[in-house]
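# Reading the structure
Each chain, letter by letter, is given below.
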Amino acid sequence: YPLRRQRQMCIRDSLQTEFESAVADSKLLAQRPDNPTLLKIYGLYKQATEGDNTAKKPSFSDVVGRAKWEAWTARKGLSGDQARQAYIELIESLK
């Protein structure tokens, strides 16, 4: 099974490269996405890079922090690769 493992690693490396490119592209979009879309981008990015959210929920008065926390928590259970793919697709749709 060494060839299968090597192929899987190659696919994962390719996905990581595409993800990194999408992250760079996200900073160069012609128009700033609306807030719900920005939160979706944030949640997918955090899930792709850190996995499930284990941070404490911010206080009610921290509106921005709470919205970000909820956007990330909404992605709970997605694998890193699934989150990276969804992030790539979302950024592509915004170009």
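Here's a quick rundown of the structure. Keep in mind that what you see is a predicted model, and the values were worked out from it rather than measured.

### Comments concerning the pattern of salt bridges
As enumerated under the stated definition, the model contains six salt bridges in all. It is possible to trace a salt-bridge network through shared partners that takes in Asp25, Glu92 and Lys95.

### Focus: helix H4 (residues 80-94)
Over its 15 residues, H4 runs 21 Å from end to end, which matches the ideal 21 Å to within 8%, given 1.5 Å per residue. Ala83, Arg84, Tyr87, Ile88, Leu90 and Ile91 are the residues of H4 that are buried. Viewed end-on, H4 has its buried residues packed into an arc of 165°, placing them on one side of the element.

### As for the environment of Glu50
Looking at where Glu50 falls in the secondary structure, it is placed in helix H2 (residues 35-50). Along the chain, Glu50 and Gly80 lie 30 residues apart, while their C-alpha atoms are 8.0 Å from each other. Within the local environment of Glu50, its side chain forms a polar contact with the side chain of Lys46, the two groups lying 2.7 Å apart.

### Some thoughts on the packing of aromatic side chains
Tallied over the full model, the rule gives three aromatic pairs. With a centroid separation of 5.9 Å and an interplanar angle of 20°, the aromatic rings of Phe19 and Tyr45 are classed as stacked. Note that Phe19 is positioned in helix H1 (residues 2-26) and Tyr45 in helix H2, a separation of 26 residues in sequence. Judged by centre distance (5.1 Å) and plane angle (65°), the rings of Phe19 and Tyr87 are edge-to-face. Of this pair, Phe19 sits in helix H1 while Tyr87 sits in helix H4, and the two are 68 residues apart along the sequence. Using a relative accessible area of 3% as the deciding quantity, one classes Phe19 as buried. Residue class for Tyr87 comes out buried when judged on its relative accessible area of 2%. Taken together through their ring pairs, the aromatic side chains of Phe19, Tyr45 and Tyr87 make up a single cluster.

### Let's talk about the packing of H2 against helix H3 (residues 63-73)
Between H2 and H3, the least distance of the axes is 8 Å, while the angle of their chain directions is 60°. If you check the angle between H2 and H3, you find them oblique. Where H2 crosses over H3, the handedness of that crossing is right-handed. Residue-level contacts link Leu39, Tyr42, Gly43, Lys46, Gln47 and Glu50 of H2 to Ala67, Lys68, Ala71 and Trp72 of H3. Tallied by class, the residues present in the contact of H2 with H3 amount to five nonpolar, two polar and three charged.

Cut-offs and rules
Residues numbered from 1 in each chain as written. Predicted model: local features only at pLDDT ≥ 70, side-chain atom pairs only at ≥ 80, totals over all residues. Heavy atoms only, no water. Salt bridge = Lys/Arg side-chain N within 4 Å of Asp/Glu carboxyl O. Helix = DSSP H or I, 4+ residues; strand = E, 2+ residues; numbered from the N terminus. Expected span 1.5 Å × (residues − 1). Buried < 20%, exposed > 50% of the residue type's maximum accessible area, 1.4 Å probe, protein only. Arc of directions from axis to C-beta. Polar contact = N/O pair within 3.5 Å; in protein donor to acceptor, adjacent residues only side chain to side chain. Phe/Tyr/Trp six-rings, centres within 6.5 Å; stacked < 30°, edge-to-face > 60°. Axes fitted to C-alpha atoms, helices over the stretch in contact; angles between N-to-C directions. Parallel < 35°, antiparallel > 145°, perpendicular 65-115°, else oblique. Left-handed = near helix turned anticlockwise from the far one by under 90°. Contact = heavy atoms within 4.5 Å. Nonpolar A, V, L, I, M, F, W, Y, C, P; charged D, E, K, R; others polar.

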